[in-house]
Each structure stands twice: as C-alpha cells, then as structure tokens.
Amino acid sequence: MSIPFSNTHYRIPQGFGNLLEGLTCEILREQPENIPAFAAAYFENLLEKRERTNFDPAEWGTKVDDRFYNNHAFKEQEPPEKGKSQTSVKEDTLVTTLESPKEDKEKEDNAAIKIQAVFRGHLAREEVKKLKKGDLQEEKAQENN
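Rules behind the numbers
- Residues numbered from 1 in each chain as written.
- Predicted model: local features only at pLDDT ≥ 70, side-chain atom pairs only at ≥ 80, totals over all residues.
- Heavy atoms only, no water.
- Helix = DSSP H or I, 4+ residues; strand = E, 2+ residues; numbered from the N terminus.
- Contact = heavy atoms within 4.5 Å.
- Areas by Shrake-Rupley, 256 points an atom, 1.4 Å probe, with all protein chains shown as cover.
- Patch = residues over 30% accessible without salt bridge, like charges linked within 9 Å, V, L, I, M, F, W, Y side chains within 5 Å.
- Salt bridge = Lys/Arg side-chain N within 4 Å of Asp/Glu carboxyl O.
- Lys, Arg positive; Asp, Glu negative; His and termini not counted.
- Charge placed at Lys NZ, Arg CZ, Asp CG, Glu CD.
- Core = buried A, V, L, I, M, F, W, Y, C linked by side-chain atoms within 4.5 Å.
- Buried < 20%, exposed > 50% of the residue type's maximum accessible area, 1.4 Å probe, protein only.
- pLDDT = per-residue confidence, 0-100.
- Axes fitted to C-alpha atoms, helices over the stretch in contact; angles between N-to-C directions.
- Parallel < 35°, antiparallel > 145°, perpendicular 65-115°, else oblique.
- Left-handed = near helix turned anticlockwise from the far one by under 90°.
- Nonpolar A, V, L, I, M, F, W, Y, C, P; charged D, E, K, R; others polar.
- Expected span 1.5 Å × (residues − 1).

K.L.:
Please clarify how the overall build of the protein chain should be interpreted in this entry.
P.N.:
Along the protein chain, the regular secondary structure elements total five helices and zero strands. Walking the protein chain from its N terminus toward its C terminus, one meets helices and strands in the order α-α-α-α-α. Here the analysis covers contacts within the protein chain between residues at least 6 apart in sequence; of these, 35% occur between residues at least 24 apart. Surface exposure of the protein chain reaches about 13,100 Å², of which carbon and sulfur atoms provide 55%.

Take a look at the structure:
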C-alpha cells in the first residue's frame, strides 16, 4: 500500500540552490540543445576553477544567504596567514567587510563624486541634444523661406 502524501521534508544542502541558480542562468543565457551535456561541462568547469583558485561558489553563496538571514556569518575574523596571497574573491570579501569607517567614508565620498559627475555629464548631453534640435529646426525654417 502506498501513501499518497508523506510528512517527510527533505533538507536542501547549503549552497546547492546557488549552484543550481548559476547553472540555470547559464542555460538560459546559452540556450544549449543538449542540457545534460551542458550541465556536465558547466560543473566540470566549475570544479576546475575551484581547484585552481581555492574559491568555492557554493560555500560563498551559503555565507551570503546566511548573512542575509542570520547576519552573523561574516563576523568571524580569520587572521591572515603569512605567505598566502589574498587573490581569491572570498578573501577579498573578508577584507572589504573589515575596513575601517574612515575608509568606508572615503569610498562613499568617491562614489558620490562619480555619481554626480556622471549625472552632470548626462545633463550636458541632454542640453547638447536640445541645442542640436533647435539648430535643425532653424535650418528647416530657413530652407522653407
């Protein structure tokens, strides 16, 4: 006798959702004809990258999710090891979260300056467009006379 409904709940492993989300995005972007072969190649490439860079996107995604829901995953501070380069994305993220408020303030100021400069450039381009439209209308009016 089979039971149509079960009270069993499966727990999805941490990081698994992030891996599937990455695969899904790549499938939608590439639109492969053979999805299982594409998925195999995708995960093989991901494993090679993980072995080369010591960066695991599943682990990183888990910490990001944990930070979002619990807001305590990134509070642990690991002392930097001597002789180890800080080139991986994971380590760069840890370094960024530990910056001082003064550095944060400088970054915010620089970002604000860039945003303001881009907006001023946008306004200037819009002004030039209006001037060009006005010049074209004047030329047409002169041609009609």
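And the narrative resumes.
K.L.:
Help me out: how do you make sense of a negative patch on the surface in this one?
P.N.:
On the surface, a cluster of negative charge is contributed by Glu 103, Asp 104, Glu 106 and Glu 108. You can see Glu 108 is positioned in helix α5 (residues 101-144).

K.L.:
Whenever I open this one, the nonpolar core confuses me. Can you help?
P.N.:
It is characteristic of soluble globular proteins that their nonpolar side chains tend to be buried jointly. Membership of the largest hydrophobic core is limited to five residues, which are Leu 23, Ile 27, Ala 39, Tyr 42 and Leu 46. Of all the secondary-structure elements, those providing two or more residues to this core are α1 (16-30) and α2 (35-53). Here this core takes three residues from α2, the largest share from any one element. In this view, Leu 23 contacts Ala 39, Tyr 42 and Phe 43; residues no more than four positions away in its chain are not counted.

K.L.:
What am I meant to see in the confidence of the model for the protein chain here?
P.N.:
For residues with low pLDDT, the predicted coordinates do not support detailed interpretation. A residue-level look at the protein chain finds 72% of positions with pLDDT of 70 or above and a mean pLDDT of 77. Mean pLDDT in the protein chain bottoms out at helix α4 (residues 89-97), which sits at 46, and peaks at α2, which reaches 90.

K.L.:
What exactly am I supposed to notice about the packing of α1 against α2 here?
P.N.:
A pair of packed helices is captured by two measures, namely the crossing angle of their axes and the spacing between those axes. Remark: α1 packs on α2, axes separated minimally by 11 Å, with the N-to-C direction vectors making an angle of 125 degrees. Considered as vectors, α1 and α2 are oriented oblique to each other. The chirality of how α1 crosses α2 is right-handed. Each of Leu 19, Gly 22, Leu 23, Glu 26, Ile 27 and Glu 30 in α1 lies in contact with α2, whose residues at this interface are Ile 35, Phe 38, Ala 39, Tyr 42, Phe 43 and Leu 46. The residue inventory of the contact of α1 with α2, partitioned by class, reads nine nonpolar, one polar and two charged.

K.L.:
Help me out: how do you make sense of a nonpolar patch on the surface in this one?
P.N.:
Taken together, Ile 12, Phe 16 and Leu 20 make up a surface patch of nonpolar side chains, about 290 Å² in accessible area. Residue placement: Leu 20 occurs in helix α1. By relative accessible area, Leu 20 is classed as partly exposed at 35%.

K.L.:
Even after reading the chapter, I still don't get the pattern of salt bridges, so can you show me in this structure?
P.N.:
Opposite charge on two side chains allows them to pair when their charged atoms are near. Scanning all chains against the criterion turns up four salt bridges. For Glu 26, the salt bridge goes to Arg 29, with nearest N and O atoms at 2.4 Å. Within this pair, Glu 26 and its partner Arg 29 are both found in helix α1, separated by three residues, close to a single helical turn. Classification of Arg 29 by relative accessible area gives exposed; the value is 58%. Linking Arg 50 and Asp 56 is a salt bridge whose minimum nitrogen-to-oxygen distance equals 3.8 Å. Overall, Arg 50 belongs to the partly exposed group, its relative accessible area being 35%.

K.L.:
Sorry, what's going on with α1 here?
P.N.:
The α-helix advances 3.6 residues per turn, and as a result positions three or four apart in sequence lie on the same side. Here α1 spans 21 Å end to end across 15 residues, near enough to the 21 Å set by a 1.5 Å rise per residue. Residue Gln 31 follows α1 closely and has a positive phi angle near 55 degrees.

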